[in-house]
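Working through the structure, step by step
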Amino acid sequence: TWSTVPAGPPDPILGVTEAFKADKDPRKINLGVGAYRDDKGKPYVLNCVKKAEEILTTSNPDKEYLPIAGLPEFTKNAAKLAYGADSAPFASNSVAVVQSISGTGALRIGGAFLARFYPHSKTIYLPTPSWGNHTPIFRDSGLEVKNYRYFDKKTVGLDFTGLKEDLKNVPEKSIVLLHACAHNPTGVDPTPEQWKEISDIFKEKQLFPFFDMAYQGFASGDTTRDAFAVRYFVEQGHQIALSQSFAKNMGLYGERVGAFSLVTESPEEKARVESQLKIVIRPMYSNPPLHGARIANTILSDSALYGEWEKEVKGMADRIISMREKLYNMLSGDLKTPGEWSHIKSQIGMFSFTGLQPAQTKALAEKAHIYMTADGRISMAGLNGGNIEYFAESVNKAVRG
Ligand code: PLP
Ligand code: TYF
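Since the structure is predicted, the reported quantities are computational estimates derived from the model, not experimental observations. (Residues numbered from 1 in each chain as written. Chains lettered and ligands numbered in written order. Predicted model: local features only at pLDDT ≥ 70, side-chain atom pairs only at ≥ 80, totals over all residues.)

**With respect to the site of ligand 1**
Let me state the cut-off plainly: Any residue whose backbone-placed C-beta atom lies within 6 Å of a molecule or strand is treated as near that molecule or strand. In this text, helices come from DSSP runs of H or I with a minimum length of four residues, and strands from runs of E with a minimum of two, each type numbered from the N-terminal end. Any residue that is not Ala, Val, Leu, Ile, Met, Phe, Trp, Tyr, Cys, Pro, Asp, Glu, Lys or Arg is counted as polar, Gly included; the first ten are nonpolar and the last four charged.
All residues adjacent to ligand 1 are Gly 34, Ser 102, Gly 103, Thr 104, Trp 131, His 179, Asn 184, Asp 212, Ala 214, Ser 245, Ala 247 and Gly 258. Residue contributions to the shell around ligand 1 peak at three residues, all from helix 5 (residues 102-117). A breakdown of the residues in the shell around ligand 1 according to their chemical character gives three nonpolar, eight polar and one charged.

See below:
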């Protein structure tokens, strides 16, 4: 029956983990997938998450189905975290929000809803480059995917001129995806001033902003600061779509906790939109999983746990920032590795786009047992006090050829 089914390629990011697992060398390092590791290289379960789970166990909750739109307290608190309690649409009960299967599920619900109901366009513009899963998610949602310029290989920074030119040239009212903070894979974000200019172009061209916020808190260590772009756009009157993930900022990767929301004009419009979001969700998976949403909601609704969470997010962000400084100092200082490495320090969030070429990343895997994606992206969280020196020395060798 399946003789005509061709073998498909592995996921370009998750496939790196497979290669890493198969390597038996004790020095091996996995810098592929973006999942936080502590300074011993171990997966990290946040203390606030452990405490929330204890509270949940003691309260002995049931295992009934959630409503289609998810745990109502959770979706409300998730929206509050993103938009801010004093945001006008949030305060006036005009944000339509549903629980999702992490960020991926939120993007997929949003893509499907826009494909069905957004009246002006069926095309979404993604930055070049973007998270590898964005294109298939939106294509499978029924949207056409196009691109706008984002990253400048020459400066290893934002191609702001190219970005503005491209956004000014897309058809009016097109859908445009924006990474809210900690752009994946480049680690390059617009400055607040640049966000303001981008917002102006969105107004001029009546573009529809779809924010993907997978790293709130992970960029600067401060959830409010990382929500700047989202909140600024909303203040400016843009009716945004928003995908949220709690995979990274609460370390709830496998629990699949997220939310999708749309800013609407009124509580009445919100109710209509939510009714249709539920109709999008129902034939996909009926209703979302319970446990992770309860954990996240326990943290978001308890002021002591919330405070502890804020400290732990900052701890993760700060450890990554300290790895950036160390790596930069090793490459440009002692090793005098040819090339300019300051972008390692200036880039933001989980990843650094190193500028290493495919031949160099291949050599690193084969000779040094160091694994990263073929585009030269490294997950900074995979570096720690125990392996950073070996990593820097190996990069130095690979660059010198
Ligand atoms: N969007 C971006 C930019 C990401 O980097 C990720 C991965 O973490 C996601 C969305 C969705 O991830 P998840 O489905 O694990 O929340
Ligand atoms: O870019 C990353 O590493 C994260 C994790 O199919 C991820 O966004 C990667 C690939 C994937 C799902 C999640």
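**Overview of the pairing of strand 9 (residues 241-245)**
Side-chain positions along a regular strand alternate between the two faces of the sheet. Quick note on the threshold: Whether a residue is buried, exposed or partly exposed follows from its count of other C-beta atoms within 10 Å of its own C-beta, namely 20 or more, 12 or fewer, or something in between, respectively; the C-beta atoms are built from the backbone. DSSP bridges decide pairing: two strands pair if at least two such bridges lie between them.
Taking burial as the measure, the five residues of strand 9 include five buried ones, the bulk of the element. Neither face of strand 9 is left uncovered, since the one carrying Ala 241, Ser 243 and Ser 245 and the one carrying Leu 242 and Gln 244 both have all their residues buried. In this structure, strand 8 (residues 208-213) lies alongside strand 9, joined through four bridges in parallel fashion. Residue pairing in the sheet places Phe 211 in a bridge with Leu 242 of strand 9. Bridge analysis of strand 9 against strand 10 (residues 257-263) gives five bridges, and the strand direction is antiparallel. Bridged to Ser 243 within strand 10 is Phe 260.

**Here's the deal with the pairing of strand 3 (residues 123-128)**
Using the following cut-off: Whether a crossover is right-handed comes down to one check: with the strands pointing away from the viewer, does the path from the first strand over the helix to the second run clockwise; if it does, it is right-handed.
Taken together, the six bridges between strand 3 and strand 4 (residues 144-149) define a ladder with parallel strand orientation. Bridge pairing in strand 4 links Pro 127 to Tyr 148. Assessed by its sense of winding, the connection that carries the chain from strand 3 through helix 6 (residues 134-141) to strand 4 is right-handed. Where strand 3 meets strand 7 (residues 175-179), two bridges bridge the pair, whose relative direction is parallel. The residue bridging Ile 124 from the neighbouring strand is Ile 175, located in strand 7.

**So, the packing of helix 2 (residues 47-59) against helix 12 (residues 291-301)**
Relative orientation and spacing of two packed helices are given, respectively, by the angle between their axes and the distance between those axes. Where we set the bar: Note on geometry: axes are C-alpha line fits, over the in-contact stretch for helices, and angles between N-to-C directions span 0 to 180 degrees. The cut-offs work like this: below 35 degrees is roughly parallel, past 145 is roughly antiparallel, 65 to 115 is roughly perpendicular, and the gaps in between are oblique. C-beta atoms are placed from the backbone for every residue, and two residues are taken to be in contact when these atoms lie within 7 Å.
The N-to-C vectors of helix 2 and helix 12 enclose an angle of 105°; their axes lie 9 Å apart at closest approach. Classified by the interaxial angle, the pair formed by helix 2 and helix 12 is roughly perpendicular. From helix 2, Cys 48, Val 49, Ala 52, Glu 53, Ile 55 and Leu 56 reach across to helix 12, where they touch Arg 294, Ile 295, Thr 298 and Ile 299. Tallied by class, the residues present in the contact of helix 2 with helix 12 amount to seven nonpolar, one polar and two charged.

**A few points about the site of ligand 2**
For clarity, the cut-off: Throughout the structure description, domain borders are defined by an automatic or database domain assignment.
Within the structure, ligand 2 sits among Asp 11, Ile 13, Leu 14, Val 33, Gly 34, Trp 131, Asn 133 and Asn 184. When the residues that make up the shell around ligand 2 are grouped by side-chain class, the tally is four nonpolar, three polar and one charged. There are two domains that each give the shell around ligand 2 at least three residues, and those are domain 1 (14-44 + 318-400) and domain 2 (65-301).

**Re the domain arrangement of the chain**
Each domain of the chain was delimited in the assignment, giving domain 1 (14-44 + 318-400) and domain 2 (65-301). A C-alpha centroid distance of 29 Å is found between domain 1 and domain 2. Listed by partner, the interface residues are 16 residues for domain 1 and 17 residues for domain 2. Among the elements that line the side of domain 1 that touches domain 2, the one with the most residues is strand 11 (residues 351-353), at three residues. Per-class residue counts for the side of domain 1 that touches domain 2 are seven nonpolar, six polar and three charged.

**Remarks on unusual backbone geometry**
Note: most residues except glycine have negative phi, and most peptide bonds are trans. Thr 128 connects to Pro 129 through a cis peptide bond whose omega is -5°. Residue Pro 185 follows Asn 184 across a cis peptide bond; omega there is 15°. Among the secondary structure elements, Pro 185 is positioned in the loop between strand 7 and helix 8 (192-205). Residue Lys 173 is not a glycine yet carries a positive backbone phi of 70°. Relative to the elements of secondary structure, Lys 173 occurs in the loop between helix 7 (160-169) and strand 7. Taking the number of C-beta atoms within 10 Å as the measure of exposure, Lys 173 has 14 and is therefore partly exposed.

**Notes on the packing of helix 15 (residues 358-368) against helix 16 (residues 388-400)**
Here is the rule: Working rule for handedness: look at the near helix, and if it is turned counterclockwise from the far one by less than a right angle, call the crossing left-handed; if clockwise, right-handed.
At their nearest, the axes of helix 15 and helix 16 sit 9 Å apart, and the two run at 125° to each other. Considered as vectors, helix 15 and helix 16 are oriented oblique to each other. Regarding helix 15 and helix 16, the two cross each other, and that crossing is right-handed. Packed against helix 15, whose contacting residues are Gln 360, Ala 363, Leu 364 and Ala 368, the element helix 16 presents Ser 394, Ala 398 and Val 399 at the interface. Across the contact of helix 15 with helix 16, the residue classes tally to five nonpolar, two polar and no charged.

**A closer look at the UniProt feature "domain: Aminotransferase class I/classII large" (unreviewed entry) in the chain**
Cut-off, in case you're wondering: UniProt positions are given in the numbering used here, feature names are shortened, and annotations may be inferred rather than shown by experiment.
Taken from the UniProt record, the annotation "domain: Aminotransferase class I/classII large" (unreviewed entry) applies to residues 27-394. Across residues 27-394, helical content stands at 47% and strand content at 15%; the span's end C-alpha atoms are separated by 11 Å.

**Digging into the nonpolar core**
As a reminder, the rule being used: Take the buried Ala, Val, Leu, Ile, Met, Phe, Trp, Tyr and Cys residues, join any whose C-beta atoms are within 7 Å, and the set you get is a nonpolar core.
In this structure, Ala 82, Ile 109, Val 176, Val 230, Leu 277, Ala 296 and Ile 299 are the most contacted members of the largest nonpolar core, which totals 114 residues. Considering every element that reaches this core, the biggest residue donor is helix 13 (residues 303-334), with ten residues. Of the domains in this structure, domain 1 (14-44 + 318-400) and domain 2 (65-301) are the two that each give at least three residues to this core. Those residues within four positions of Val 230 in sequence are excluded, and the remaining contacts are Ala 82, Ala 180, Phe 211, Met 213, Ile 240 and Leu 242.

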